[in-house]
Amino acid sequence: MKPPPFTHHACRSVEEALGLLDADPDGSKVISGGQSLVPMMNLRLASPAHLVDLNPIPGLNGIDVGRGTLTLGATARQHAVERSADVTAAAPLLTAALAHVGHPQIRNRGTVVGSICHADPAAEMPAVFLTLGGEVTAQSAAGTRSIAAEDFFDSYLTTALEPNEIATAVTFNTPNGSSGWHFEEVTRRHGDFAIIGVVALLTLADGRISDARLTIFGGAATPVRLPAVEQLLVGVAAGDVDADLLAQAAREASAALRPGDDIHASGDYRRHVAGVLTARGIRTSLERASARA
Amino acid sequence: MSETIIESHLAIRKDKWIGKPTKRVEDPRYLTGTARYVADLELPRMLHAVYVRSPHPHARILSVDTSVLPGLGKSVWVFTGQDLRDVPPLIDHVALDNLLRTPQNVIAIDKVRFVGDAVAVVVAGDRYAAEDAAEQLSAAVEYEVLPPVPSVEAANAPGAALLFDDLGTNEIYRQTEKHGDTEKAFAAADRVFTTRFHHNRYGAAPMETRGVLANYERSEQQLTVWSSTQMPHFLRSVIAGQLGLPEHRVRVIAPEVGGGFGQKMCTSPEEIAIPFIALQLGRPVKWIEDRHEHLLAATQAKEEFINLEVAVSNEGKLLGVRGEFIGDGGGYSFNTESALIEPALAAKSFPGPYRIEAFDEEVAASLTNKSPVAAYRGVGWTAANTVREIMIDEIARELGIDPVEIRRRNMLRSDELPYRSVTGQLYDSGSYLESLELAMKTVDYDAFRTMQERLREQGRYLGLGISSYVEQTAWGSDSSAQAGTPLPSHDNSTVTVDPSGTVTVAVSTSCHGQGHETSYAQIAADGLGVDMADVKVVFGDTLTSPYGLGTYASRSAVIGGATVARASADVREQILKVAANMLEANPDDLVIEDGTISVAGTPSVSKTLAEVAYAAYWDSEVRSDEPMLTSTRFYDPPATYANGCVVVLAEVDADTGVVTLDRIVAIEDCGTVINPMIVEAQVQGAIVQGIGGALFEQFVYGDDGQPLTTTYMDYLIPTSTDVPPIEVLSLESPSPFSIGGIKGMGEGGQIAAPAAVANAVADALAPFGARVRKLPLAPDYVLRLMGKIGSPNG
Ligand SMILES: Cc1cc2nc3c(=O)[nH]c(=O)nc-3n(C[C@H](O)[C@H](O)[C@H](O)COP(=O)(O)OP(=O)(O)OC[C@H]3O[C@@H](n4cnc5c(N)ncnc54)[C@H](O)[C@@H]3O)c2cc1C
């Protein structure tokens, strides 16, 4: 459980980090919280020659709530985000989801941006990001670009980031006042990655569902939105969401997924429970939205 | 005042300390990080060893090309099986003629038999360099891959590959034994119930993995081995034998040991290989197992298949049982009691606290290409208890009898004890029914049933699971014979009072977290009449402790406790003799209390223990012919049986299959209680491990024999958030057979908890007709049991 030799670069600026990455994009890895990367190095599943450490860079750990957005810097710790009253006010869904990321010790080091870049399909943060929507600020020596949430996740542990790019920040869209949310995951134990999970966000306008966003995680190679379910809901009066509609939504959710088996659960289980959680997500989100409306 | 208990020849002095929940004297160093484990030890010129282990479940080793390593013989050294070919292989010690043996070379020579089997050891100046070299060498081993044997079924299929060609079979044991008249029982039965149960393969997860440091001092011709072991003296004997050294030239030290749970019993191959390498290199060599390695290469436990037929009357009386117990032994029938450790012990303990008078047992074990199965808290007994208690609940449900009531109808009453079970286990004393009744009273059984009914109407599924148990303890010659795997036993303690009057207790049992320093100090303090603070307990070093087998199988309190009590009684007499000379009194008229010796009834005529001890050593006027205040005593106890009952209250989410444990009540009866706080914690710890087995833990292997649970992300041990409050209540039925009435304890929780959890889930899901046939109860399996997805066998 010792990593092979590597060079550690304690960067003082984003430019320095970008320069190092550019010099050897394939032999280098960005490290932020290290909570996913270091275990992989210890198991010798990853063996970067250069570790480009963002932690010493001043000012990269911002937590900024703007009008309709929340921007987290690359080194903002999960714990700091979880404890921020501003974040809870702007995006209670994010706060609730963070409590499910590993354990307090992990969250003391791990970063939200790092989790999104790591792109584990069973992780909580990527699913929350996809549900809320927003963008990743990707910088390279060549310049800066924005990548929308829906374009970010390519596959298992793979994103739209180039090897020479750093996600210096992630901006989440924060929901408006008439929305309600639900976060739920099934794990074998508290703090584990999800076997299957749901993130739901419903917005009401004039008593009808004006926007529906539902994401399942742990059911595919990336977190996935459920467009069929969302279409089913948009335009429906809150009072008309009955058991039949929920059952139909559950069926649509299950049908949208082709999850595989692993040692924690079968694909059948994941498909079945994705439906269960989708129905719960809709019900609870509506209750929350109605209570606020 | 002192109180004498039990018949005089078994009596021990019980005064201020025995029975008191004193804080554990060892905890400050555990809790402040000052305890020192093998990994903490550093010696000058020490080298670090890392293993190259087989990536294949079954393969022939064709070649190991060590030339790929730069610095070979200068900064890096390699040892393969060929280099250790003169070291005899490890073989189990079970005294059964028809058990086939599977000699295990401490590093594989021609063949590897599980992923993780040792292929070579790489040694270098630091751990990083050793791991780099091991990675390089791993790529330079050439194998001929053989067909894998991933399961018992595969092992016995026609044409299966053989793990040991010369045995001609993978099934190394099969034996039938009949107890009582099952023919008659089945002929008389109203109903016969059958089950096929697969008990999961899970294992010990000690906080400290295994580790060995060995050093050979040429000047002294002395090999010293520090190992995270439960059995230092036994290991010394084995190392001396395997390496051909005179035993007095070998010293084994178990420094602080961070948990063992049976896994650190007997001999790990690494405990022979590392000392051998240290001898060869003439430098200290340290090997510390990392967690990934531990999950591959350390022994695993508990996997077996149990097939039952149970004959019952319509009233729910258990008339007779036919049982087949098949162990999945893994790649070697390991030297901890062989591959029979699971199935043989399960069979013999099957009757538990019930009056089962006819029982046919068929015990078998097969080799498979998986990590070897060895001891883990509750060996065999867990599986037997699990399947028996699940079966009793199912029978009750089928016959429309309450699960408490069916147990009442079959359980042995305390006035029927001593009772020899149909398999020959002599239950000394106990409170089987009383434990059950106390548990039901504590959980308010009737109120629970009312609530359960009400909540079911709201779509909530609550369940209550009962698991009663008898725990075989006091593992000496008698106990091991009653268990079905006979082994001789030998243990001693030495109690010494030094010239200043303080006390050293040297024991042959070897603590690895259980609190022996506290419990034995309590016994010695009462035995001598001194303050606990004046007693120091030493163990774990063959140079300073008397010979003995160490700590496993709930033996230490009974054996170590008795030897300490006996030796203390001797020393007390020695002290009183000297004091009598000093006080010009009759020794019989003297008492020792709080370290002061006085004439009974005349406290003013007294001497402190320090004064007496000083005189005993130095004052030729009063000292005796053998002035040293010391005694060494031996004990090989009769078997004793603890008992109890675990009740679990749980709720099942019927949509997701997630099981939530709400409350656990445990009744424990381990005879004379030395320290109630330690007993309570042992029960809780064991129950947590049982919860692991019931809900989370399983070593999973693919059909290709590859292990799939090689990190703690996949091998799931319960954490604090998965464990509900556990209330422990005590009953005390002292053993009429053992010194002081002490029984062993500590395994009952793990023996009983899996069935209690399984029964709670089955009870919750009774409307769905759920029948638990394997563990763990992962959400996927729970939905299958309810018929919500696929089939329960999927
Ligand atoms: C015991 C344990 C339990 C855990 N449980 C969970 C859990 O339940 N749910 C969960 O989601 N996670 C869990 N984690 C993982 C944890 O949340 C990680 O912190 C997170 O996944 C990665 O964040 P990090 O800052 O630690 O990233 P690092 O480990 O530093 O990096 C992860 C990857 O992302 C890349 N990366 C990181 N930051 C950037 C950046 N700014 N730009 C470009 N690339 C970047 C790295 O190069 C690396 O490939 C657990 C971890 C542990 C050790």
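Thresholds applied
- Residues numbered from 1 in each chain as written.
- Chains lettered and ligands numbered in written order.
- Predicted model: local features only at pLDDT ≥ 70, side-chain atom pairs only at ≥ 80, totals over all residues.
- Heavy atoms only, no water.
- Helix = DSSP H or I, 4+ residues; strand = E, 2+ residues; numbered from the N terminus.
- Buried < 20%, exposed > 50% of the residue type's maximum accessible area, 1.4 Å probe, protein only.
- Lys, Arg positive; Asp, Glu negative; His and termini not counted.
- Salt bridge = Lys/Arg side-chain N within 4 Å of Asp/Glu carboxyl O.
- Contact = heavy atoms within 4.5 Å.
- Domains from an automatic or database assignment.
- Buried area = accessible area lost by both parts, 1.4 Å probe.
- Polar contact = N/O pair within 3.5 Å; in protein donor to acceptor, adjacent residues only side chain to side chain.
- Nonpolar A, V, L, I, M, F, W, Y, C, P; charged D, E, K, R; others polar.
- 1 Å grid on protein atoms, 1.4 Å probe; cavity = no way out; pocket = protein on both sides within 12 Å on 5 of 7 lines; lining within 4 Å.
- Points joined across faces, edges and corners; volume = space filled by probe spheres on them.
- UniProt positions renumbered as here; feature names shortened; annotations may be inferred.

### Points about the side chain of Glu747(B)
Residue and element names in this part refer to chain B.
So, point 1. Residue placement: Glu747 occurs in the loop between strand S30 (726–731) and helix H18 (748–764).
So, point 2. Although Glu747 is buried, it forms no salt bridge, and the closest oppositely charged side chain is Arg377 at an N-O distance of 6.3 Å.
So, point 3. Beyond its immediate chain neighbours, meaning those up to four positions away, Glu747 contacts Arg377, Gly378, Val379, Trp381, Glu471, Ala553, Ser554 and Ala686.

### So, the domain arrangement of chain A
So, point 1. Looking at chain A, the domain boundaries give domain 1 (7–53), domain 2 (63–173) and domain 3 (179–292).
So, point 2. Relative placement of domain 1 of chain A and domain 3 of chain A: their C-alpha centres are 36 Å apart.

### Notes on the domain arrangement of chain B
All names here are of chain B.
So, point 1. Assigned domains of chain B: these are domain 1 (3–33 + 490–537 + 547–634), domain 2 (38–146 + 209–257 + 264–297) and domain 3 (304–480 + 638–785).
So, point 2. Look at where the C-alpha atoms of domain 1 and domain 2 centre, and you get two points 41 Å apart.
So, point 3. Summing both partners gives a buried area of about 960 Å² for domain 1 against domain 2, and 54% of it is carried by carbon and sulfur.
So, point 4. Considering only the side of domain 1, the residues that lose the most area to domain 2 are His512, Tyr547 and Tyr552, jointly responsible for 50% of the buried surface there.
So, point 5. Connecting domain 1 to domain 2 are one salt bridge.
So, point 6. A salt bridge links Arg29 to Glu256, with the shortest nitrogen-to-oxygen separation between them at 2.7 Å.
So, point 7. Where domain 1 meets domain 2, there are three residue pairs in polar contact (both at pLDDT 80 or more).
So, point 8. When the residues that make up the side of domain 1 that touches domain 2 are grouped by side-chain class, the tally is five nonpolar, six polar and one charged.

### Things to note about the pattern of salt bridges
So, point 1. Under the counting rule described, the total for this entry stands at 62 salt bridges over all chains.
So, point 2. Notably, a salt bridge pairs Arg191(B) with Glu398(B), separated by 3.5 Å at the nearest N-O pair. Of this pair, Arg191(B) sits in strand S10 (residues 191–199) while Glu398(B) sits in helix H9 (residues 381–399); the two residues are 207 residues apart in sequence, bridging distant segments of the chain.
So, point 3. For Arg191(B), a relative accessible area of 32% corresponds to the partly exposed category.
So, point 4. When the shortest N-O distance is used, the salt bridge between Arg322(B) and Asp360(B) registers 3.8 Å. Of this pair, Arg322(B) sits in strand S16 (residues 318–328) while Asp360(B) is found in strand S17 (residues 359–366), placing the two residues 38 residues apart along the sequence.
So, point 5. Residues joined by salt bridges that share partners form a network here, namely Arg44(A), Arg127(B), Glu131(B), Asp132(B), Glu135(B) and Asp290(B).

### Re empty space enclosed by the protein
Residue and element names in this part refer to chain B.
So, point 1. A full pass over the atoms with the stated rule returns six cavities of 30 Å³ or more.
So, point 2. In this model, the largest cavity occupies a volume close to 140 Å³.
So, point 3. Lining the largest cavity are 18 residues, and of these Gln104, Phe114, Pro269, Glu270 and Ala297 lie nearest its centre.

### Re the UniProt feature "domain: FAD-binding PCMH-type" (unreviewed entry) in chain A
So, point 1. Within this numbering scheme, the UniProt entry marks residues 1–177 of chain A as carrying the feature "domain: FAD-binding PCMH-type" (unreviewed entry).
So, point 2. When the span residues 1–177 of chain A is considered, its composition is 34% helix and 26% strand, and the gap between its end C-alpha atoms is 49 Å.

### Looking at the interface of chain B and chain A
Accessible area lost upon the coming together of the parts serves often as the stated size of an interface.
So, point 1. Across the contact, 34 residues belong to chain B and 24 residues belong to chain A.
So, point 2. With both sides pooled, the region where chain B packs onto chain A buries about 2,400 Å², and carbon together with sulfur makes up 60% of that total.
So, point 3. At the boundary of chain B with chain A, the tally comes to five salt bridges.
So, point 4. Of the charged contacts in the structure, one is a salt bridge between Asp653(B) and Arg280(A), with a shortest N-O distance of 2.9 Å.
So, point 5. Between chain B and chain A we count 16 residue pairs in polar contact (both at pLDDT 80 or more) in total.
So, point 6. Looking at which element gives the most residues to the side of chain B that touches chain A, the answer is helix H2 (residues 127–138) of chain B, with five residues.
So, point 7. The class makeup of the residues in the side of chain B that touches chain A is 15 nonpolar, six polar and 13 charged.

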